[in-house]
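Chain and residue survey
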Amino acid sequence: MRAVFSVLLALLAAPAFAQAPDPDPLLWPEAQRAFLEDGPALLLSDEQRAAFLALDETGRERFIEDFLGRDPLPGTPGNELQEGILRRQRLAAQEHSLVDARAQLLFLKGRPTASTVIDCAVIFKPIEIWTYADDAALRDLVLYRPTPGEPFRLWLPIDSKAALYTDDAAAWLEDWEAQGRGGTRIDRRFCKEAPSQVDRATGIDGLRGRPVLTATFSDVPKVMIRWVRPRDRASFLAAPKDLAAWARMAAVTPLPAPLPRLAVDPIQVDFPRWQGQRLIARVLVTLPAEGLHVTKEENGEPRVRLTVEGVLEHDGRVFEDFRMRYQFAPPGEGERATLLLERPLRPGQGFLLRLRLTDEGGAEGLVNRGFRVPDQQVATLPSALMETAVRSDLTEALTVTGADTLLLMPPPGDVVLGTWRAETVTAGQRISRVVFLVDGETQLTRTRPPYSAEVRLATFPREQVVRVEGYDAAGELVAADQIVLNQARGGFRVTITEPARGRGIAGRVEARAEVTVPEERKIESVEFRVNDELVTVLRTPPWQHPVEAPGGSDLAYLSVVALLDDGSRAEDVRFLRAPENLDEVEVDLIELFTTVTDSSGHPVRGLAAKDFEILEDGKPQPVARFEQVENLPLNLGIAIDTSFSMASSLDEAHRAAAGFLRAVATPKDRCFALAFATRPALLIPPVDDVEAVALSLEEMRALGRTALHDAIITSLYYFRGQRGQRALVLLTDGDDTGSSTSWGDALEYARRSGVAIYTIGLDIPELKRGPRGKLSELAQVSGGRSFFIDRAEELSGVYEQIEDELRSRYFLTYNSGLRADENGFRKIEVKVKRGFKARTGRGYYP
């Protein structure tokens with residue numbers, strides 16, 4: 001998240017916790033802390049900074065007034081120093097936190113003339129190369145992030161070039177250089193142009209190689225300029241020698257049009273209770289009613305909606321970032337709205353909290369507060385404020401009150417199947433009964449610790465909400481917590497799952513939708529409408545609500561609209577009732593990816609649409625679209641058995657699968673990898689970095705039993721929300737010995753998924769008809785293909801055949817002509833003329 005900063009001249013001093021002066025800037029009045037840490041102090045010389053730090057609170061206030069009050073260009077109207085500071089602060093605020101070297105450069109030097117992002121996570125840590133064309137000393141600045149979560153820092157030769165590489169890449173290069181630098185350098189093999197850019201910017205060929213000769217300056221050939229620069233970072237980030245020249249340039253820094261300003265009062269903080277070993281930091285943010293954007297709901301009710309983005313900094317780095325949404329009735333004239341947020345933090349540590357508040361009208365408010373967490377509880381905020389404070393939509397269900405807490409422990413993996421033991425942690429004395437709910441329905445109640453229960457989930461994995469509620473002896477709710485299981489990630493999509501398609505639905509029915517959400521995005525709201533009339537707006541899952549098909553008309557339809565936090569919208573529509581003479585036309589055509597083979601089993605290319613015939617439940621269907629898929633994007637999953645029996649074959653399995661991925665995947669494809677033994681384990685989620693997926697296979701270790709059925713369902717779950725050509729390659733050497741789900745459920749889920757599954761049986765004798773039959777049936781129902789081999793060395797040949805098929809399939813679509821009230825499984829058959837054989841999924845559920 002982009003960090004948030006206060007505008008210097010608009011800062012209001014917040015009262016410090018300690019009454020006595022404290023040398024910790026986090027406890028200074030906010031205006032003084034911001035002067036030191038949010039930019040202006042970068043303009044001070046070392047002597048000025050030392051003098052400022054030695055002052056007491058009154059002296060610091062006078063120092064700031066004197067510094068900001070000076071006018072380095074008295075002959076011009078206005079004060080360029082003040083204007084320049086404001087503009088450069090806003091510039092830095094758009095990009096980074098000022099603990100980050102990039103933000104410091106933006107404040108001191110402005111935007112670079114050019115910048116290059118080195119995006120090759122397999123080889124390099126996050127790197128940016130900046131150039132300021134008008135300053136020879138600031139050409140090819142290398143900025144990098146040493147470890148995840150740390151701010152970017154400026155690289156210097158004293159750091160060694162190894163600091164820029166991942167640990168694995170540095171080890172590879174070390175070996176390569178030790179062996180005489182023969183062949184293609186490993187980083188160039190993986191990253192193409194990026195290594196040469198890093199070589200040029202650092203002046204080092206390889207890890208520790210010879211200096212790189214580059215361009216000339218003033219017609220004098222020189223080794224890469226970084227070798228002739230000062231070797232301390234302070235030289236690059238030093239205060240300007242000519243403050244007037246800096247102010248003149250900074251005052252004309254171009255900025256986008258400013259947003260309307262949202263007034264925000266100083267942050268109030270206290271620490272009222274413990275949560276385990278941490279103290280809860282309770283934060284109150286108040287806003288005057290004047291200036292709040294008010295939206296009227298369709299029922300005429302006025303509402304204010306605010307988004308709060310927050311960053312907690314600790315010891316010069318980002319400790320946590322978060323995002324919350326608040327909805328509330330607008331306060332009356334002259335009143336204030338109070339927002340409450342809580343974070344568990346370790347006692348004795350200092351933090352800087354930065355908040356950016358944005359309303360639906362586009363107004364923005366920025367407010368910061370430094371504080372140190374005490375060693376004991378400190379409750380200083382008035383209880384009256386707590387009673388009227390607005391809690392976040394996102395965290396309201398997770399908020400506990402008083403000293404008693406109830407926490408629901410998260411599951412070990414992304415996908416939970418069948419049943420799940422919900423474990424809780426409680427603290428305090430009041431909780432005497434815990435209720436376990438799934439999707440709002442009570443399943444179990446426990447009246448004595450330990451408060452845990454086996455909750456039943458849906459037959460097939462789908463998004464479900466498990467909630468726990470703790471009550472005292474009087475039946476009063478004390479605390480609650482909840483977890484969303486099996487949240488779908490992928491391309492943004494809404495799918496109505498209930499009610500089933502039909503024309504005769506009347507009266508009240510439970511409606512349910514599934515929303516697939518892209519990574520790093522959040523759902524703002526989900527609307528349920530019947531005949532375009534709003535029924536409800538949901539902001540937390542499960543996305544279900546009863547709806548009623550209205551009478552008096554032959555036509556009734558349900559629409560579900562989802563809105564993301566970035567404004568994106570997605571919708572699905574389903575007819576509840578329609579006249580007999582109205583054909584239901586689906587937005588999505590039925591898509592078929594079909595492989596055609598000759599009598600020898602080799603893929604056949606070059607066919608035309610007229611060569612195909614599609615039958616649904618035995619009835620011909622016209623082809624709506626046709627093309628060969630050589631260049632269509634591919635969503636590919638690799639699932640490899642890592643049970644103990646695979647120990648001798650795992651190295652070869654890794655090499656063959658990695659080679660297959662590198663051969664078949666292109667930059668527009670997405671891949672993921674999963675290993676399974678006693679339970680499935682995702683090695684890497686769907687990404688477009690094939691090299692990262694190939695390298696993730698190195699993490700595989702052979703140990704445990706074989707949860708084959710669970711692995712099938714879990715692997716297929718990661719295709720949710722993905723459109724287009726989808727294929728799963730599954731490698732195993734035996735039957736299931738440890739799944740929580742049955743073979744029937746796994747097969748049915750595969751049938752519903754629409755994913756072609758290519759199964760590979762390794763060293764499974766023909767006499768073992770059970771496991772061989774499962775793998776064959778799984779491939780047949782999904783439109784894939786099964787292979788059985790004796791040795792791991794044969795895997796490369798199998799992968800070559802799969803690659804050939806995936807790049808020679810045919811893409812056909814049709815619009816089903818069958819009645820929508822036939823809700824059972826629809827059988828599909830694709831026939832090809834000329835005597836060839838077509839292979840596709842055997843059907844679908846409407």
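Everything numeric here is computed off the predicted structure, so don't read it as measured data.

1. So, the overall build of the protein
Tallying secondary structure elements over the protein gives 17 helices and 44 strands in all. In the protein, which comprises 846 residues, the share counted as buried stands at 52%. Carbon and sulfur atoms form 49% of the exposed surface of the protein, whose accessible area is close to 38500 Å².

2. Regarding the confidence of the model for the protein
Taken residue by residue, the protein gives an average pLDDT of 82. The fraction at 70 or more is 88%. Per-element averaging of pLDDT across the protein places strand β6 (residues 220-223) at the bottom with 38 and strand β7 (residues 268-270) at the top with 94.

3. Focus: the nonpolar core
In this structure, L636 and I802 are the most contacted members of the largest nonpolar core, which totals 40 residues. The leading source of residues in this core is helix α12 (residues 650-664), at eight residues. With near-sequence residues (within four places) excluded, I802 lies in contact with F660, V729, Y758, I760 and F787. Counting 37 residues, the second largest nonpolar core, distinct from the first, contains F35, L36, W130 and F236.

4. A word on the sheet that holds strand β26 (residues 523-530)
Pairing in this open sheet of four strands is antiparallel, and the strands run β27-β26-β29-β30 from one edge to the other. The sheet terminates laterally at β27 (533-538) and β30 (569-577), the two strands that pair on one side only. Each adjacent strand pair in this sheet contributes to an overall mean axis angle of 20 degrees, direction not counted. Strand direction decides the pairing type here: β26 and strand β29 (residues 556-564), joined by seven bridges, are antiparallel. Within β29, the position partnered with R529 by the bridge is S559.

5. A few points about the packing of helix α14 (residues 708-717) against helix α15 (residues 743-753)
Contact geometry for α14 and α15: axes closest at 8 Å, N-to-C directions at 20 degrees. Considering the angle they form, α14 stands roughly parallel to α15. Crossing of α14 over α15 shows left-handed handedness. Contact with α14, carried on its side by H709, I712, I713, L716 and Y717, involves W743, D745, A746, Y749, A750 and S753 of α15 and no other residues of that element. Per-class residue counts for the contact of α14 with α15 are eight nonpolar, two polar and one charged.

6. Focus on the pairing of strand β38 (residues 725-732)
Counting buried residues in β38 gives eight out of eight residues, a clear majority hidden from the surface. Residue alternation in β38 divides its side chains into two sets, Q725, A727, V729 and L731 and R726, L728, L730 and T732, and both sets are buried. Two elements, strand β35 (residues 634-641) and β38, share seven bridges in a ladder whose sense is parallel. The residue of β38 that forms the bridge with L636 is A727. The pairing of β38 with strand β39 (residues 756-762) spans six bridges and is parallel. Paired with V729 across the two strands is Y758, which belongs to β39. Taken together, β38, α15 and β39 form a β-α-β motif whose crossover is right-handed.

7. A short note on unusual backbone geometry
Note that the residue after P449, namely P450, is joined by a cis bond; omega there is 0 degrees. Considering the arrangement of structural elements, one finds P450 in the loop between β20 (441-446) and β21 (452-456). The amide bond that connects E498 to the next residue, P499, takes the cis arrangement and shows omega of 0 degrees. Looking at where P499 falls in the secondary structure, it is placed in the loop between β24 (493-498) and β25 (507-516).

8. Structural notes on the sheet that holds β21
As a general point, the strands of a sheet are linked pairwise by backbone hydrogen bonds and lie either parallel or antiparallel. Strand order in the open sheet formed by three strands is β17-β18-β21, and the pairing between neighbours is antiparallel. Single-partner strands in this sheet number two, and they are β17 (405-408) and β21. Across this sheet, the average inter-strand angle for adjacent strands is 30 degrees, counted without regard to direction. Judged from the five bridges that link them, strand β18 (residues 419-427) and β21 form a sheet pairing that is antiparallel. Within β21, the residue paired with E423 across the bridge is S452.

9. Looking at a negative patch on the surface
Among the surface-exposed residues, D56, E57, E61, E65 and D66 lie close enough to one another that they form a single negatively charged patch. On the basis of relative accessible area, D56 is assigned to the partly exposed category, the value being 47%.

10. Structural notes on the pattern of salt bridges
The final tally for this structure, using the stated rule, is 41 salt bridges. The partner of R33 in a salt bridge is D38, and the shortest N-O contact between them spans 3.0 Å. Here R33 falls in the buried class, since its relative accessible area comes to 0%. Residue R529 pairs with E527 through a salt bridge whose shortest N-O separation is 3.1 Å.

Conventions and cut-offs
- Residues numbered from 1 in each chain as written.
- Predicted model: local features only at pLDDT ≥ 70, side-chain atom pairs only at ≥ 80, totals over all residues.
- Heavy atoms only, no water.
- Helix = DSSP H or I, 4+ residues; strand = E, 2+ residues; numbered from the N terminus.
- Buried < 20%, exposed > 50% of the residue type's maximum accessible area, 1.4 Å probe, protein only.
- Areas by Shrake-Rupley, 256 points an atom, 1.4 Å probe, with all protein chains shown as cover.
- pLDDT = per-residue confidence, 0-100.
- Core = buried A, V, L, I, M, F, W, Y, C linked by side-chain atoms within 4.5 Å.
- Contact = heavy atoms within 4.5 Å.
- Pairing = 2+ DSSP bridges.
- Axes fitted to C-alpha atoms, helices over the stretch in contact; angles between N-to-C directions.
- Parallel < 35°, antiparallel > 145°, perpendicular 65-115°, else oblique.
- Left-handed = near helix turned anticlockwise from the far one by under 90°.
- Nonpolar A, V, L, I, M, F, W, Y, C, P; charged D, E, K, R; others polar.
- Right-handed = clockwise from strand over helix to strand, strands pointing away.
- Patch = residues over 30% accessible without salt bridge, like charges linked within 9 Å, V, L, I, M, F, W, Y side chains within 5 Å.
- Salt bridge = Lys/Arg side-chain N within 4 Å of Asp/Glu carboxyl O.
- Lys, Arg positive; Asp, Glu negative; His and termini not counted.
- Charge placed at Lys NZ, Arg CZ, Asp CG, Glu CD.

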